[in-house]
Amino acid sequence: MATEMPIDQEFGRNIPGMEGMQENEDGSVDVELPELSDSMIEELPDGGAIVTMDDFKGPSEDEDFYSNLAEDLIDGWDLDKIAMRYLGLIEKDKQAREQRDKQYEEGIRRTGLGHDAPGGASFMGASKVVHPVMAEACVDFAARAIKELFPPDGPTRTKILGKVDKDKVEIAERKRDYMNWQLTEQIEEFRDEQEQLLTQLPLGGSQFMKLWYDEGKKRPCAEFVPIDNILLPFSAANFYTSQRVTEVQDITDWEFKRRISSGLYRDTDYIKASVEPEQTYAEKANEKIEGKQFEDNEDGIRRVFHIYTWLELEDDSRTKGETAPYIMMIDEMESKVIGLYRNWEEGDDSMTKLDWMVEFKFIPWRGAYAVGLPHLIGGLTAALTGSLRALLDAAHINNAPTMLKLKGARISGQSQSVDVTQIVEIEGAPGVDDIRKIAFPMPFNPPSPVLFQLMGFLEKSAKGVVTTAEEKIADVNANAPVGTTQALIEQGAAVFSAIHSRLHDSQARLLKILGRLNRWYLDEQKKGDVVAELEIRKEDFKRNTDVVPVSDPHIFSETQRMAQIQAVMAVMEKNPDLFDRKAVIERFLKQIKVPGVNELMKGVPDPEKRDSANENVAMAIGQAAFAYPEQDHLAHIQSHLDFARDPVLGANPMIAPAFIPGAMEHIKQHLTLWYLNRMNGYVTKSLGKPVNNYDDPEFTAKIDQLFGVASRHVTLDSKVAFEQVMPVVQQMIQQVQSFKPQPPMTPEAQVLKETSMAETQRRAAKDQADIQLAQQKHQDEMILADEDNQLKLAIAQGDNETKERIESARLTRDTVKMQNEQMKTALTLTNQGGQDGYQ
């Protein structure tokens, strides 16, 4: 039965009494505990756990418990007395918060949207303009808040407390996807209702959102409840702990009949309303903005009070006169109770109150009601509007044709209108020859610059309360450090950050209510075509801590997120070994709203167990290969090394750059796993059983001793097993180094390199010239010695012809020698000039 009742956020915190308890002789008690599934146990961060038993039942499991007690259980005379008593209390609650309703009304009027903001001059043509600071703050706040609370993909995400396992993750993800679908598509009015709430929240200080299940629509429904429709007692300190909360509902006669037919209200004789219920001050101000005007009560609008309170009902067998929470519905026109429901869950012996509505707060203050912009900047808004109107009125008056006219001047009619370029004649009194003696313009002062400056000061003061981050960082240098920008953002949005954190908490309460409504009514929802096809079960909603709002209470703007991801990327560039580069870049692309990120990013294949040949092929084309403990590691390593040394395969210049780096990483995996298997083999053989128990300190010490002995054996084994392997590995390491790209050369290094090359060439040329000169000198010495012998012989024999021939040859050589000396001198000067230039 549709009760429109949300369920308490603390559902399941108490475990009801258990049967099967037997007292022992020593006074102790043995409890026979039922078998607990993982879904019934919720682990807490402090090591404790909350066990949720299956004794709590929803309306589909126990309709009698959730039925309307006003039908036949409670005596009608007693109900009438309760109704009269509570109607009197409601009237007192209205009077207690009348002044607050006026403050809310003034805030709505101060926005200027209804063209009835108070203040201003009353003469003809006086300005009625309103300074937009109040409206601007409301629109800006709502736009920022809805973006954080309700992104396009949905307002929920997963958060698992305690130990994470596959079942918990699957349940949380199913719930997240289902609730995102509910809030974005199934509950089609949710976003619109929440946006209305957020635009009104700065004006009212507190606003409310209500959730319930509609049997006709087969789905949960949501409704924004303004604060002027919520009444609390004067003594209330908090909305959730108030002794009674009254929701004022003005419904049409058609809706009243629908609720009777659905069973929500009991069927009674009633008269159709003909007079509209009295409106609140805020409703009247809002109707002016919407442009509505009530003519007659054709729809039969009547007022019904839904009261969340505590009662002592002797006729209720479940409480037997004890104080318990109930929901009572009273028709104001008939002064009768038309609905009375138990407001706790069947099976909850503590009778914890179930909440229907969630309060959203702007700025908490002392008392049950939060404060809003009318309380914070209402006076400044009034001063700004007054200043703006005064400036415009001064400009208007200063330019208006207002003057004094001398009595007796002959001007036809009461006034004379002169158009541009027109000449009009008037007659003056006798003896008056100056027109300034007939008419004199009024000496009004122009708009005051002091007032203009004062208005700027007032505007700055008003916006200081609702300042935004963008105003703080507008003048920041583009090259400023990310940390500086982040600090300015946090400083500039300190107020909004605190409000956003409260909104996040309220959104979490809403999700808990929705989750428990799904636990109550999921079977009913599955009767629809869409829900029946979704992979979701009623049991998934037994815990409600694994789905939370997608909003982050620590981050409240896109600017802050961008500054944060930029800071992460800057740290990653300095410490690349500490980050998953792909994950960081993927988050950055998502942050800047790039569509289809998964299509852009290079996919990483899942680990796959392969033989050594397939591993070689995978690494040759740039894919990763993974080693596993049970493989023959020596055989794999030998296969990879043979492939790497083959000039056609692994050593091929086309394959080596991709294969060798991956092969080195893969061989490292095989080496470490070979070591681990070898060590465990020695220890297991010594113990006679696998090493799998480290809880016993003595046994752990024995294991450590065995591992110390095994390490010496493994060291000897590795020398034998890898004696031929390591030289090849060293060659591969050198190849990997050669594949690394050389760092770019700076212009200074390039100049130095070119100069060094020129010096090398110069020195090589000098060395070549020196060698040639030495060879020529040696040849000349040999020729000269031979000629000396021939000359001595020719002189002794008197051979003049030979003598002349030798002397002619020597003359020729002297000429060549002189030329060589000249060339050597020139080369020396050239070398000297090159050395000076190099230095």
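Please refer to the structure placed before this passage.
All residue numbers here refer to positions counted from 1 along the written sequence of the relevant chain. Only residues with pLDDT of at least 70 get local features here, since the model is predicted, and only at 80 or more are side-chain atom pairs given and counted; chain-wide, interface and lining totals rely on the full set of residues. Computation of side-chain values covers all heavy atoms of the structure but excludes hydrogens and water.

K.L.:
So what exactly am I meant to see when it comes to the overall build of the protein here?
P.N.:
Under the scheme used here, helices are H or I runs from DSSP no shorter than 4 residues and strands are E runs no shorter than 2 residues, and both carry numbers assigned from the N terminus. Scanning the protein from terminus to terminus reveals 23 helices and 16 strands. The 839 residues of the protein split such that 39% are buried. By definition in these notes, contact holds between two residues if any of their heavy atoms fall within 4.5 Å. Taking all contacts inside the protein whose residues are at least 6 apart in sequence as the whole, residues at least 24 apart take part in 71%. Using a 1.4 Å probe, the Shrake-Rupley method yields the accessible areas, and only the shown protein chains count as cover for residues. Summed over its atoms, the accessible surface of the protein is roughly 48700 Å², and 53% of this surface lies on carbon and sulfur atoms. Only protein chains enter the calculation, and the probe is 1.4 Å; a residue is then buried if its accessible area is under 20% of its type maximum, exposed if over 50%, and partly exposed in between.

K.L.:
Got a minute to help me understand the sheet that holds strand 6 (residues 206-214) in this structure?
P.N.:
Note on sheets: strands pair through backbone hydrogen bonds, and any given pair is parallel or antiparallel. Two strands pair under a simple rule: DSSP has to find at least two bridges between them. Spatially, the three strands line up as an open sheet ordered 7-6-13, and their pairing is antiparallel. Because the sheet does not close on itself, it has two edges, and the strands there are strand 7 (219-225) and strand 13 (357-361). Going across the sheet, the axis of each strand differs from the next one's by a mean of 20°, ignoring polarity. With five bridges connecting them, strand 6 and strand 13 associate as antiparallel partners. In this analysis, axes come from line fits to C-alpha atoms, helices being fitted only over the stretch in contact, and the angle between any two N-to-C directions falls in the range 0 to 180 degrees.

K.L.:
Just checking my understanding: could you explain the packing of aromatic side chains for this structure?
P.N.:
The geometry of an aromatic ring pair is captured by the separation of the ring centres together with the interplanar angle, meaning the angle of the planes. Here a Phe, Tyr or Trp ring, Trp counted by its six-membered ring, pairs with any other such ring whose centre lies within 6.5 Å, and the pair is stacked when the planes are under 30 degrees apart, edge-to-face when over 60, and tilted otherwise. The full count for this structure, using the stated rule, is 16 aromatic pairs. Ring centres of Tyr66 and Trp520 lie 5.1 Å apart, and the angle between their planes is 65°; this geometry places the pair in the edge-to-face category. Of this pair, Tyr66 sits in the loop between strand 4 (49-51) and helix 1 (76-96) while Trp520 sits in helix 12 (residues 494-525), and the two are 454 residues apart along the sequence. Counting every residue linked through ring pairs, the aromatic cluster contains Phe65, Tyr66, Tyr213, Tyr326, Trp344, Trp520 and Tyr521. Its guanidinium or amino end placed over the ring of Trp212, Lys210 lies 5.0 Å from that ring's centre, counting from NZ or CZ. Two conditions define a charge located above a ring, namely a distance within 6 Å from the ring centre to NZ of Lys or CZ of Arg, and an angle within 35 degrees of the ring normal. Its guanidinium or amino end placed over the ring of Tyr240, Arg509 lies 4.2 Å from that ring's centre, counting from NZ or CZ.

K.L.:
What should I look at first to understand unusual backbone geometry in this one?
P.N.:
One non-glycine residue, Ser335, lies in positive phi territory at about 55°. Considering the arrangement of structural elements, one finds Ser335 in the loop between strand 11 (323-331) and strand 12 (336-342). Of note, the phi angle at Met351 is positive, near 50°, even though the residue is not glycine. The exposure class assigned to Met351 is buried, which follows from its relative accessible area of 16%.

K.L.:
Can you help me understand the sheet that holds strand 12 in this one?
P.N.:
If you walk across this open sheet you meet the five strands as 8-9-10-11-12, and the pairing is antiparallel. Both outer strands of the open sheet, strand 8 (230-231) and strand 12, are each paired with one neighbouring strand and no more. Its contacts with the sheet place helix 1 against strand 8, strand 9 (244-251), strand 10 (302-312), strand 11 and strand 12, and it is angled at close to 105° to strand 10.

K.L.:
Please clarify how the pattern of salt bridges should be interpreted in this entry.
P.N.:
Side-chain pairing between opposite charges can occur once the charged atoms of the two side chains come close. Just to be clear on terms, a salt bridge is a Lys or Arg side-chain nitrogen sitting within 4 Å of an Asp or Glu carboxyl oxygen. Here the structure, examined in full by the defined rule, presents 30 salt bridges. Of the charged contacts, one joins Glu106 and Arg110 as a salt bridge, the two residues approaching to 3.4 Å between their closest N and O atoms. Residue Glu106 and its partner Arg110 are located together in helix 2 (residues 98-110), separated by four residues, close to a single helical turn. Among the residues examined, Arg110 registers a relative accessible area of 9% and is labelled buried. Asp214 serves as the salt-bridge partner of Arg258, at 3.7 Å between the closest nitrogen and oxygen. Of this pair, Arg258 sits in helix 6 (residues 253-262) while Asp214 sits in strand 6, placing them 44 residues apart in sequence. Under the relative-accessibility criterion, Arg258 is labelled partly exposed at 28%.

K.L.:
For this particular structure, what's the right way to read the environment of Ala273?
P.N.:
Relative to the helices and strands, Ala273 resides in the loop between helix 6 and helix 7 (281-290). As for Ala273 and Arg302, which are separated by 29 residues in sequence, their C-alpha atoms are 5.8 Å apart. Apart from residues no more than four positions distant in its own chain, Ala273 is found in contact with Asn297, Gly300, Ile301, Arg302 and Met333.

K.L.:
What exactly am I supposed to notice about a negative patch on the surface here?
P.N.:
Together, Glu71, Asp72, Asp267 and Asp269 give the surface a local cluster of negative charge. As for its placement among the helices and strands, Glu71 is situated in the loop between strand 4 and helix 1. In this analysis, a patch consists of residues with relative accessible area above 30% that form no salt bridge, clustered at 9 Å for like charges and at 5 Å for the nonpolar side chains Val, Leu, Ile, Met, Phe, Trp and Tyr. Only four residue types enter the tally: Lys and Arg on the positive side, Asp and Glu on the negative side, with His and both chain ends excluded. Charge positions are represented by NZ for Lys, CZ for Arg, CG for Asp and CD for Glu.

K.L.:
Even after reading the chapter, I still don't get helix 19 (residues 656-687), so can you show me in this structure?
P.N.:
Each full turn of the α-helix corresponds to 3.6 residues, which orients residues three or four apart in the same direction. By this rule the span expected of a helix is its residue count minus one, scaled by 1.5 Å. For helix 19, spanning 32 residues, the distance from its first C-alpha to its last is 45 Å, which sits close to the expected 46 Å at 1.5 Å a residue. Backbone geometry just after helix 19 places Gly688 at a positive phi near 85°.

K.L.:
Please explain the packing of helix 17 (residues 612-620) against helix 18 (residues 633-645) as it appears in this structure.
P.N.:
With their axes 9 Å apart at the nearest point, helix 17 and helix 18 run at an angle of 45° to one another. What the angle tells us is that helix 17 and helix 18 run oblique. For the pair helix 17 and helix 18, the sense of crossing is right-handed. Contacts from Ser612, Glu615, Asn616, Met619 and Ala620 in helix 17 reach His636, Ser639, His640 and Phe643 in helix 18. For the contact of helix 17 with helix 18, the class distribution of residues is three nonpolar, five polar and one charged. Oblique is the label for any angle not under 35 degrees, not over 145, and not in the 65 to 115 range, which are roughly parallel, roughly antiparallel and roughly perpendicular in turn. Handedness of a crossing follows from how the near helix is turned relative to the far one, being left-handed for an anticlockwise turn of less than a right angle and right-handed for a clockwise one. When residues are sorted by character, Ala, Val, Leu, Ile, Met, Phe, Trp, Tyr, Cys and Pro go into the nonpolar class, Asp, Glu, Lys and Arg into the charged class, and all the rest, Gly among them, into the polar class.

K.L.:
Even after reading the chapter, I still don't get the pairing of strand 10, so can you show me in this structure?
P.N.:
Every regular strand shows the same layout, with side chains that alternate between the two sheet faces. Most of strand 10 is tucked away: nine of the eleven residues are buried. Bridging between strand 9 and strand 10 involves eight bridges; their strand directions are antiparallel. Within the sheet, the bridge partner assigned to Arg244 lies in strand 10 and is Thr309. Two elements, strand 10 and strand 11, share nine bridges in a ladder whose sense is antiparallel. If you follow Trp310 over to strand 11, its bridge partner there is Pro325.

K.L.:
Please explain the nonpolar core as it appears in this structure.
P.N.:
As a rule of thumb, nonpolar side chains are buried together in soluble globular proteins. Throughout this description, the term nonpolar core refers to a set of buried Ala, Val, Leu, Ile, Met, Phe, Trp, Tyr and Cys residues connected via side-chain atoms within 4.5 Å. Core analysis: the largest hydrophobic core is formed by 100 residues, its most contacted members being Phe141, Leu198, Tyr265, Leu340 and Leu503. Ranked by the residues each element gives to this core, the list is headed by helix 12, at eleven residues. Once residues within four sequence positions are removed from consideration, Leu340 is found in contact with Ser67, Asn68, Leu69, Ala70, Ile74, Leu79, Leu311, Leu313, Tyr326, Ile327 and Met328.

Taken by themselves, the reported measurements are silent on function.
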